[in-house]
Amino acid sequence: MEKINRSDITPSWLYMNRRQFLQKVSLVGGAAILAACAPGVIPTEEEEKIIQYDAPTDITSIKTYNNYYEFSVYKDRVFELAENLKTDPWTVEVSGLVENPTNFSMQDILNQFTQEERIYRLRCVEGWSMVIPWVGFPLAKLLEVVKPTAEAKFVRFETLADPEQMPGLTANFPWPYQEGLRLDEAMNDLTILATGIYNEPLDPANGAPVRLVVPWKYGFKSAKSLIKIELVSEMPATFWNLIAPREYGFYSNVNPDVSHPRWSQATERRIGETQRRPTLMFNGYEEEVAALYEGMSLQSNY
Ligand code: MTE
């Protein structure tokens, strides 16, 4: 029988960067996998299982099962309605309480900030999840350039709302889509601005040309197609909190112990699987982010 090469069964980007993959996947899987990441070490069968448990979701699902209300409330319709979104030229205004307010073109963003791959879990508040191999860079790197002043305590994110291009804007929601983070959350190394997925530029459906990704919070915090990042002193209003304040708080950390008023958050359906799996505290990133919330009630600060 012919021997099956690993390259026959593994996507090439994964095969080519096996060692790098193991290093990166340790970010997804947590400490259990770190042991497998020592140079030259081939993962054991047990470690392989852990890696497979959080294997990246297939590219087609990532690109065709989307929440992007500016286009449609139907997840399977977004990619078609969004495909012609004009993303060039594109400018992200970074302003507010900063020493160096800057308008970044996409070219500036790609030239000034080294792009790296980050494989993260994405947990939607609705109860489904994926694992996405993003390309992007820490938001902290951009904030270091604009230099928040001492008064800056929060970061507000605003996304494109163009009625010419976005048919979903006719729905009665408080547009534009806006989100917010506390400054220390924004500075955390896990918080990235993503420009790609699976080593390709983002599709409009996934938030082209640049979006926020905050992997320990419910997916709605990860605002797509950013046009403005503003440093502010007060907690900013957020899209879903304006719509349903009792259901969607400012923090929205993934937390299996805090139920949504209408459903439990204890489990999730990983896209591509049939059985539900347990949801992890802070989406599995407890070690990296729990300190941000020390002494805070996670029940009342939902
Ligand atoms: N950003 C904008 N501008 N509009 C949206 O409707 N939906 C959010 C978030 N960012 C949304 C958005 C929600 S609810 C989720 S779960 C994620 O995007 C989904 O990202 P994905 O489609 O790339 O998986």
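Residues numbered from 1 in each chain as written. Predicted model: local features only at pLDDT ≥ 70, side-chain atom pairs only at ≥ 80, totals over all residues. Heavy atoms only, no water.

Re the site of the ligand
Here is step 1: Neighbouring residues of the ligand: 16 residues in total, closest Tyr69, Glu70, Arg211, Ser222 and Lys224.
Here is step 2: At 3.3 Å, a backbone N or O of asparagine 67 approaches a nitrogen atom of the ligand.
Here is step 3: Within the complex, 98% of the 540 Å² of free accessible area of the ligand lies under protein. (Near = heavy atom within 4 Å. Polar contact = N/O pair within 3.5 Å; in protein donor to acceptor, adjacent residues only side chain to side chain. Areas by Shrake-Rupley, 256 points an atom, 1.4 Å probe, with all protein chains shown as cover.)

A word on the nonpolar core
Here is step 1: Counting 75 residues, the largest nonpolar core has Trp134, Leu139, Leu142, Leu193, Trp216 and Ile229 as the members making the most contacts within it.
Here is step 2: Looking at this core, the element that brings in the most residues is strand β4 (residues 128–138), giving five residues.
Here is step 3: Look past the residues within four positions of tryptophan 216 in its chain and what remains in contact with it is Glu185, Asn188, Leu190, Thr191, Asn253, Val254, Phe282, Asn283, Tyr285, Val289, Leu292 and Tyr293. (Core = buried A, V, L, I, M, F, W, Y, C linked by side-chain atoms within 4.5 Å. Buried < 20%, exposed > 50% of the residue type's maximum accessible area, 1.4 Å probe, protein only. Helix = DSSP H or I, 4+ residues; strand = E, 2+ residues; numbered from the N terminus. Contact = heavy atoms within 4.5 Å.)

What to know about the sheet that holds strand β2 (residues 102–105)
Here is step 1: Pairing in this open sheet of five strands is mixed, and the strands run β2-β1-β10-β5-β6 from one edge to the other. Since the sheet does not close on itself, it has two edges, and those belong to β2 and β6 (178–182), each with one partner. With direction set aside, neighbouring strand axes in the sheet form an average angle of 15 degrees.
Here is step 2: Relative to β2, strand β1 (residues 91–96) runs antiparallel, the two being bridged by four bridges. The partner of glutamate 93 across the bridge, within β2, is asparagine 103. (Pairing = 2+ DSSP bridges. Axes fitted to C-alpha atoms, helices over the stretch in contact; angles between N-to-C directions.)

Some points on unusual backbone geometry
Here is step 1: Residues tryptophan 175 and proline 176 are joined by a peptide bond in cis, for which omega reads 0 degrees.
Here is step 2: Inspection of the secondary structure puts proline 176 in the loop between β5 (154–159) and β6.
Here is step 3: Cis rather than trans, the peptide bond between alanine 208 and proline 209 has omega equal to -5 degrees.
Here is step 4: Its location among the elements puts proline 209 in the loop between β8 (200–201) and β9 (211–213).
Here is step 5: If you check the backbone angles, serine 252 has positive phi at about 50 degrees while not being a glycine.
Here is step 6: Mapped onto the elements of the fold, serine 252 is located in the loop between α11 (239–243) and β11 (267–270).
Here is step 7: Serine 252 sits in the buried class, given a relative accessible area of 5%.

Digging into the pairing of strand β7 (residues 192–197)
Here is step 1: Across the six residues that make up β7, a large majority, six, are buried.
Here is step 2: Relative to β9, β7 is paired through three bridges, and the arrangement is antiparallel. Its bridge partner lying in β9, isoleucine 192 is registered against valine 213.
Here is step 3: Here β7 runs beside β8; their pairing, made up of two bridges, is antiparallel. Looking at β8, one finds that glycine 196 is bridged to proline 201.

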